[in-house]
Amino acid sequence: MIILKTVAFFDAKAYDRDSFSRFSDENISIRFFENKLNEDTVSMAACCDAVCAFVNDTINGEVIEKLSSYGVGVIAMRCAGYNNVDLKAAAGRIKVLRVPAYSPYAVAEHAMGLILTLNRKLHRAYIRTRDHNFSLEGLTGFDLKGKTVGIIGTGKIGRCFADVCKGFGMEIIGFDPYKSSEFCGKYVSLDGLLEKSDIISLHCPLTKENHHLINRETISKMKDGAYIINTSRGLLIDTAALTEGLKSGKIGAAGLDVYEEETALFFEDYSDEIIPDDTLSTIISMPNVIVTSHQAFLTREALDGIAGTTMENLRAYFAGDELKNEITL
Ligand code: NAI
């Protein structure tokens, strides 16, 4: 007899319900909760066999302790990054699975979208013409062809982004402690990348070692007017240092899909409220900054990839099969 397994699905949005409904399994019942998983909401997973979580859920020692006491045996992350999971606390108690790859194109294309928008001021042009203001003052950009793009992290997304930049005729340089023969650019040191790049794009995971990789010191090594694009993780950038750089003109523009304090705000609608984050309010108000709400992954193809692999991970766990996508210490 097959026993129905129950999954507590946190931070659920309409697009999640939609994509997971296309990969449903008659032996797995999903309870969708809109709340993010944290110390206050973890009790919603009581009586469930598994938890499905996302990038802004808090999966610390306390949450893992409670999940384990409820008998939850697995956390299926429906994302690639897992910096929000305390793997030490999980070790030996609860399995952690992830989706290592879904659509690197989705994130790479969004990074290029941010560059094109910032450089050609499309966000400002859109607002102007809607107000019947057809002036071109202040909208001058530069050709991407021949400019140097520096890619920090040349894994799946970084390589895909490099291929996109190649199509624009850009000079491509990269920094990664692990070099890939599939990277279409030239590897340089981190300092070399900072000094030479007109545009710097972050595509490395967040680790203890690279917390605030972009800080006052690294910004001081950059070209005057360099663009910074971050579609990776917010904590890679010291936002106070970035704000100073933008104010002084050292940084020419910033495209941020992620933000170091995003957990409390991103994915939710606060349009009727004054947000309690002055740093974010300041950078959002700058004409040469675009903030998107961790949406780089959000394409139909990526959502289907995420749902398909997450369900496959859960099926394998419940069937006692090999766990191809387990994260271990
Ligand atoms: P990946 O694992 O294929 O590649 C990451 C690369 O970064 C590896 O080659 C690794 O050696 C390199 N790396 C690690 N530490 C580094 C450092 N300090 N400096 C330079 N390179 C370093 O990962 P993938 O799939 O390319 O994803 C990259 C990151 O993108 C994820 O870790 C995640 O944080 C972010 N991401 C963001 C999404 C969004 O919607 N904004 C969606 C998916 C991923």
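The text that follows walks through the structure, step by step, so that each part is easy to find.

**A word on the packing of helix 1 (residues 14–21) against helix 11 (residues 300–319)**
And step 1. For the pair helix 1 and helix 11, interaxial distance at closest approach is 9 Å and the crossing angle is 60°. By the angle between their directions, the pair helix 1 and helix 11 is classed as oblique. In this structure, the crossing between helix 1 and helix 11 has a hand that is right-handed. Across the interface between the two elements, Tyr15, Ser19 and Phe20 of helix 1 pack against Leu303, Asp304, Ile306, Ala307, Thr310 and Met311 of helix 11.
And step 2. Residue composition of the contact of helix 1 with helix 11, grouped by class: 6 nonpolar, 2 polar and 1 charged.

**Some remarks on the layout of surface pockets**
Summary: where empty space remains is shown by rolling a probe the size of a single water molecule over the atoms.
And step 1. Computed from the structure, the largest pocket encloses a volume of approximately 1400 Å³.
And step 2. Lining the largest pocket are 48 residues, with Gly81, Cys204, Pro205, Leu206 and Thr207 sitting closest to its centre.
And step 3. Breaking the lining of the largest pocket down by element, the ones donating at least two residues are helix 3 (87–90), helix 4 (104–120) and helix 6 (156–167).
And step 4. If you tally residues by element for the lining of the largest pocket, the top one is helix 6, at 3 residues.
And step 5. Within this model, the second largest pocket holds a volume of roughly 310 Å³.
And step 6. Lining the second largest pocket are 20 residues, with Val55, Asn83, Asn84, Leu235 and Thr263 positioned closest to its centre.
And step 7. Among the residues forming the lining of the second largest pocket, the class breakdown is 7 nonpolar, 8 polar and 5 charged.

**Describing the pairing of strand 7 (residues 171–175)**
Both faces of the sheet carry side chains from a regular strand, because those side chains alternate between them.
And step 1. Relative to strand 7, strand 6 (residues 148–152) runs parallel, the two sharing 5 bridges. What sits directly across from Thr148, in strand 7, is Glu171.
And step 2. Between the parallel elements strand 6 and strand 7, the chain passes through helix 6 in a crossover that is right-handed.
And step 3. Pairing geometry for strand 7 and strand 8 (residues 186–187), over 2 bridges, is parallel.

**Observations concerning the environment of Glu326**
And step 1. Here Glu326 lies in the segment after helix 11.
And step 2. Measuring from C-alpha to C-alpha, the distance between Glu326 and Cys52 comes to 14 Å, with 274 residues separating the pair along the chain.

**So, the packing of aromatic side chains**
And step 1. Counted under the stated rule, the structure contains 9 aromatic pairs.
And step 2. Considering the side-chain rings of Phe183 and Tyr187, the 4.9 Å spacing of their centres and the 45° angle between planes classify their relative orientation as tilted.
And step 3. Following the ring pairs from residue to residue traces out a cluster consisting of Phe9, Phe20 and Phe32.
And step 4. Sitting over the face of the ring of Tyr187, Lys179 holds its NZ or CZ atom 5.4 Å from the ring centroid.

**Let's talk about the site of the ligand**
And step 1. Surveying the vicinity of the ligand reveals 23 residues, the closest of which are Lys156, Ile157, Asp176, Thr231 and Asp257.
And step 2. At a separation of 2.8 Å, an oxygen atom of the ligand approaches a polar side-chain atom of Lys156.
And step 3. One of the backbone N or O atoms of Ile157 is found 2.8 Å from an oxygen atom in the ligand.
And step 4. Most atoms of the ligand, that is more than half of them, are within 2 Å of grid points of the largest pocket.
And step 5. Tallied by class, the residues present in the shell around the ligand amount to 11 nonpolar, 8 polar and 4 charged.

**Things to note about the nonpolar core**
And step 1. Counting 31 residues, the largest nonpolar core has Ile152, Leu202, Met222, Leu242 and Leu246 as its most contacted members.
And step 2. Looking at this core, the elements that each hand over two or more residues are helix 7 (190–196), strand 9 (199–202), strand 10 (226–230), helix 9 (239–248), strand 11 (251–256) and helix 10 (278–284).
And step 3. When residues no more than four places from it in sequence are discounted, the contact partners of Leu242 are Ile219, Ile228, Ile237, Ile251, Ala254 and Leu256.
And step 4. Listed in part, the 30 residues of the second largest apolar core include Leu37, Ala45, Ile64 and Leu303.

**Some thoughts on the sheet that holds strand 11**
And step 1. With respect to topology, 7 strands assemble into an open sheet ordered 8-7-6-9-10-11-12, the strand pairing being parallel. Of all strands in the sheet, those bounded by a partner on one side alone are strand 8 and strand 12 (289–291).
And step 2. Sheet topology note: the strand 6/strand 9 ladder contains 4 bridges and is parallel. In the sheet register, Val149 faces strand 9, and the bridge partner there is Ile199.
And step 3. Here helix 4 sits on the sheet and contacts strand 9, strand 10, strand 11 and strand 12; the angle it forms with strand 10, its principal contact strand, is near 145°.
And step 4. With respect to the sheet, helix 9 is in contact with strand 10, strand 11 and strand 12, its orientation differing from that of strand 11 by roughly 135°.

Calculation notes
Residues numbered from 1 in each chain as written. Predicted model: local features only at pLDDT ≥ 70, side-chain atom pairs only at ≥ 80, totals over all residues. Heavy atoms only, no water. Axes fitted to C-alpha atoms, helices over the stretch in contact; angles between N-to-C directions. Helix = DSSP H or I, 4+ residues; strand = E, 2+ residues; numbered from the N terminus. Parallel < 35°, antiparallel > 145°, perpendicular 65-115°, else oblique. Left-handed = near helix turned anticlockwise from the far one by under 90°. Contact = heavy atoms within 4.5 Å. Nonpolar A, V, L, I, M, F, W, Y, C, P; charged D, E, K, R; others polar. 1 Å grid on protein atoms, 1.4 Å probe; cavity = no way out; pocket = protein on both sides within 12 Å on 5 of 7 lines; lining within 4 Å. Points joined across faces, edges and corners; volume = space filled by probe spheres on them. Pairing = 2+ DSSP bridges. Right-handed = clockwise from strand over helix to strand, strands pointing away. Phe/Tyr/Trp six-rings, centres within 6.5 Å; stacked < 30°, edge-to-face > 60°. Lys NZ or Arg CZ within 6 Å of the ring centre and 35° of its normal. Near = heavy atom within 4 Å. Polar contact = N/O pair within 3.5 Å; in protein donor to acceptor, adjacent residues only side chain to side chain. Sits in = over half its atoms within 2 Å of the grid points. Core = buried A, V, L, I, M, F, W, Y, C linked by side-chain atoms within 4.5 Å. Buried < 20%, exposed > 50% of the residue type's maximum accessible area, 1.4 Å probe, protein only.

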